[in-house]
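Results of the structural survey
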Amino acid sequence: ANMRAAIRTGLLGWTISFTKDQPLPASQTQDSVTALNPTDILIKVKSAAVNPVDYKLPRLIASKVIRFDVSGVVEKVGADVKDFQVGDDVFGRAINSKGTISGSLADYTLANMEEVAKKPEWLPFDHAAALPTAYLTGIQSLRAGNVKEGSSVLVIGASGGCGIAGVQLAKAMGASRIVGICSGKNFEFVREMSRIEKVENLELVNYTDEEAMNNFKEKNVGKFDCIYDTATGSRKGEDYVPTMTKLLEEKTGEYVQINGSPSNWKRHFMGKTPPQRTLILTESKGKADLEEIVSLLESSSVKSHLDMNFFDEKGVNEGFEQLKGRRTKGKIVFNMD
């Protein structure tokens, strides 16, 4: 039996194609639960979201079926799964018990029981699918930056998927001063998404306005407990680190970035990252973090901004063109129904 899926094709897997002939996950082709790894869950996918990294990786280091972010309904559970049962609504990342990516852009996928959480009723499937990667990265980054009640937080790249998540989570975690850097044309969008109407509670700085940026830097030396940088190393060769580090609180401030150059990562893995700097690689087994994210978002009544696509050949092509062109403000989500 086969299913619909978005897969990597071509010699190295750089091409992304829609197919109706992807084999079902192994456990789906047999009636018995024994075909399922004891700690895995088989999910009938309702919605799946994509991230910029999804078109940047070849098949060798990525999965054949495209990527992580998923929401859906539990179809089967492995023998050791206690917290979920058939029929539960769940969301999370499609990473199975072997630690490999099962792929979320398909009718069915597998996930380890520690990679998903129950989806609350107030959260629609489409919105739930948009959360995992951006918000897990966000919560783990802000935690690394010791964000708590009363913290001052600067989010660089505030209008992107990870940036919006950072602003929303910083607010929900009790930060008293939040500043976002993005282009002026996205100010209104960031305000709307963060539900922070008062200008003094969310300051926004236009990175395309050199004078505004220089003023901001001059006035804010040593002012931030946490700088969450989602822009450096992402695409256009931006590097905010040299000019922004001095805005950190002198002894305790933490500069957290989610993209880095190969040399940044090399230092990271050798344990030689400079003091007050953290490079974040999203941790797996995110169940507890997903539960915390949902409770934080519920308390501050915010949601993700979605660009919805149908799950067919046209929808997949358009969705990835959007992603590559960076013409999207929110998360690109595919609705399987």
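Structure: see above.
Keep in mind that this is a model prediction, so the values were computed, not measured.

A few words now on the sheet that holds strand S8 (residues 152-156). Strand order in the open sheet formed by six strands is S10-S9-S8-S11-S12-S13, with parallel pairing between adjacent strands. Among the strands making up the open sheet, the edge pair consists of strand S10 (202-206) and strand S13 (277-279). With strand direction ignored, the average angle separating the axes of adjacent strands in the sheet is 15 degrees. The strands touched by helix H2 (residues 132-144) within the sheet are S8, strand S11 (226-229), strand S12 (254-257) and S13, with S11 carrying the most contacts at an inclination of about 150 degrees.

As a rule of thumb, nonpolar side chains are buried together in soluble globular proteins. Residues Tyr135, Leu142, Val153 and Leu169 are the most contacted members of the largest nonpolar core, which totals 42 residues. Sorting the residues of this core by element identifies H2, S8, helix H3 (161-172), strand S9 (177-182), helix H4 (187-194), S10, S11 and helix H8 (287-300) as the ones contributing at least two each. Sorting elements by how many residues they give to this core places H3 first, with seven residues. The residues touching tyrosine 135, leaving out its near neighbours within four places in the chain, are Ala130, Ile164, Ala165, Gln168, Leu169, Ile293, Leu297 and Ser304. Membership of the second largest hydrophobic core comes to 17 residues, among which are Val50, Leu105, Phe320 and Leu323.

Our next topic: the packing of aromatic side chains. For the structure on display, the rule yields four aromatic pairs. Measuring from ring centre to ring centre gives 6.4 Å for phenylalanine 311 and phenylalanine 334, while their planes differ by 75 degrees; the resulting arrangement is edge-to-face. Here phenylalanine 311 is found in the loop between strand S14 (306-310) and helix H9 (313-325), whereas its partner phenylalanine 334 is found in strand S15 (residues 331-335), with 23 residues between them in sequence. Under the relative-accessibility criterion, phenylalanine 311 is labelled buried at 4%. Residues phenylalanine 320 and phenylalanine 334 carry aromatic rings whose centres are separated by 6.4 Å and whose planes lie at 25 degrees to one another, so their mutual orientation is stacked. In this pair, phenylalanine 320 sits in helix H9 while phenylalanine 334 sits in strand S15, placing the two residues 14 residues apart along the sequence. A relative accessible area of 4% places phenylalanine 320 in the buried class. Connected via pairs of aromatic rings, a cluster forms that spans Phe18, Phe311, Phe320 and Phe334.

Criteria and cut-off values
Residues numbered from 1 in each chain as written. Predicted model: local features only at pLDDT ≥ 70, side-chain atom pairs only at ≥ 80, totals over all residues. Heavy atoms only, no water. Pairing = 2+ DSSP bridges. Helix = DSSP H or I, 4+ residues; strand = E, 2+ residues; numbered from the N terminus. Axes fitted to C-alpha atoms, helices over the stretch in contact; angles between N-to-C directions. Contact = heavy atoms within 4.5 Å. Core = buried A, V, L, I, M, F, W, Y, C linked by side-chain atoms within 4.5 Å. Buried < 20%, exposed > 50% of the residue type's maximum accessible area, 1.4 Å probe, protein only. Phe/Tyr/Trp six-rings, centres within 6.5 Å; stacked < 30°, edge-to-face > 60°.

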